[in-house]
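Chains, contacts and geometry: an overview
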Amino acid sequence: MRVPSHSINVRLLYVSRAAGPQTTTMTTSILAHAKANNAQQGITGVLCQGQGFFFQVIEGQRSRVNALYRRIAVDARHKDVEVLHYEEIQERRFGQWSMALVHLSVDDPMVRLQHPDFDPYSASGPQVMQQVMDLLAAGQPIELPRT
Ligand code: FAD
């Protein structure tokens, strides 16, 4: 059965390494773009950053999510951008945020950098997705309403 492509929604999770220091200026600039573009494109999600990493979940119409990911992937502010998880969805998990921001501290279980086992690049996608959900539930996201 054919489904109109605009009605297919997806959720994408990637991980990347910051190319330089993760400064407030950089975060502010990224979120300013996210707020303006994502609301207009009907994209929602969460950006977790800290300890040299970015984890970002973006969800929305498939072609729009794919297009945004292509732009993000070539952004010089980060490197080693790798998709960990990609799925078609019926419902959004982050529908209330055009892009929520969560800071990762060294104490977060998913970023115990001292832990020799921590390697997001070899972790299972659904597992990292669950950790992002847990972080968002437990943390203090800076909310960017969809407007
Ligand atoms: P322009 O603003 O015209 O920029 C041209 C090029 O320069 C692009 O390749 C851009 O990536 C790069 N660039 C822009 N600003 C800087 C800067 N200050 N320093 C270095 N390079 C720069 N955008 C969204 O719309 N939604 C998001 O959810 C989102 N999440 C992001 C998450 C991360 C971790 C990063 C690093 C970026 C994110 N961005 C997001 C920004 C995105 O990568 C693009 O910069 C933005 O969408 C503007 O794209 P543009 O094609 O209009 O580029």
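Residues numbered from 1 in each chain as written. Predicted model: local features only at pLDDT ≥ 70, side-chain atom pairs only at ≥ 80, totals over all residues. Heavy atoms only, no water.

**With respect to the site of the ligand**
- As a matter of local geometry, the ligand sits amid 15 residues, with Asn37, Asn38, Gln56, Arg71 and Asp75 nearest to it.
- Asp75 is positioned with one of its side-chain polar atoms (N or O) 2.7 Å from an oxygen atom of the ligand.
- Between the ligand and Arg77 there is a distance of 3.2 Å, counted from an oxygen atom to a side-chain nitrogen or oxygen.
- Its free accessible area being 900 Å², the ligand has 67% of it covered by the protein chains.
- Cavity membership is defined here by more than half of the atoms lying within 2 Å of grid points; on that basis the ligand lies in the largest pocket.
- Among the secondary structure elements, those contributing two or more residues to the shell around the ligand are helix H1 (24-41), strand E3 (53-61) and helix H2 (62-73).
- No other element matches the five residues that H1 contributes to the shell around the ligand. (Near = heavy atom within 4 Å. Polar contact = N/O pair within 3.5 Å; in protein donor to acceptor, adjacent residues only side chain to side chain. Areas by Shrake-Rupley, 256 points an atom, 1.4 Å probe, with all protein chains shown as cover. 1 Å grid on protein atoms, 1.4 Å probe; cavity = no way out; pocket = protein on both sides within 12 Å on 5 of 7 lines; lining within 4 Å. Sits in = over half its atoms within 2 Å of the grid points. Helix = DSSP H or I, 4+ residues; strand = E, 2+ residues; numbered from the N terminus.)

**Concerning the nonpolar core**
- One finds Leu13, Val46, Cys48, Phe55, Val57, Val132 and Leu136 to be the most contacted residues of the largest nonpolar core, which totals 19 residues.
- Contributions of two or more residues to this core are made by strand E1 (9-18), strand E2 (44-50), E3, strand E5 (100-103) and helix H3 (125-138).
- Among the elements that take part in this core, H3 stands out by supplying five residues, more than any other.
- Counting residues in hydrophobic clusters, the runner-up holds 18 residues, among them Tyr14, Met26, Leu31 and Val65. (Core = buried A, V, L, I, M, F, W, Y, C linked by side-chain atoms within 4.5 Å. Buried < 20%, exposed > 50% of the residue type's maximum accessible area, 1.4 Å probe, protein only.)

**Structural notes on the pairing of E3**
- Counting buried residues along E3, eight of its nine residues qualify, which places the element largely inside the surrounding structure.
- The sheet contact formed by E1 and E3 spans nine bridges and is antiparallel. Paired with Leu12 across the bridge in E3 is Ile58.
- Sheet topology note: the E2/E3 ladder contains seven bridges and is antiparallel. The residue bridging Gly45 from the neighbouring strand is Ile58, located in E3.
- Remark: two residues form the turn of the hairpin made by E2 and E3, two consecutive strands paired antiparallel; Gln51 in that turn has positive phi of roughly 55 degrees. (Pairing = 2+ DSSP bridges.)

**Observations regarding the packing of aromatic side chains**
- Inspection of the entire model under this criterion finds two aromatic pairs.
- Relative to Phe55, the ring of Phe53 has its centre 6.1 Å away and its plane inclined at 35 degrees; by these criteria the two rings are tilted. Each member of the pair, Phe53 together with Phe55, is buried. (Phe/Tyr/Trp six-rings, centres within 6.5 Å; stacked < 30°, edge-to-face > 60°.)

**Looking at the pattern of salt bridges**
- Evaluated as defined, the whole model comprises five salt bridges.
- Among the ionic pairs, Arg11 bridges to Glu59, the shortest N-O distance being 3.0 Å. Of the two residues, Arg11 is situated in strand E1 and Glu59 in strand E3; the sequence distance between them amounts to 48 residues. Accessibility assignment for this pair places Arg11 and Glu59 in one class, buried.
- For Arg62, the salt bridge is made with Glu88, and the minimal N-O distance between the two is 3.9 Å. Here Arg62 is found in helix H2, whereas its partner Glu88 is found in strand E4 (residues 78-89), with 26 residues between them in sequence.
- According to the relative accessible area criterion, Arg62 is partly exposed, its value standing at 29%. (Salt bridge = Lys/Arg side-chain N within 4 Å of Asp/Glu carboxyl O.)

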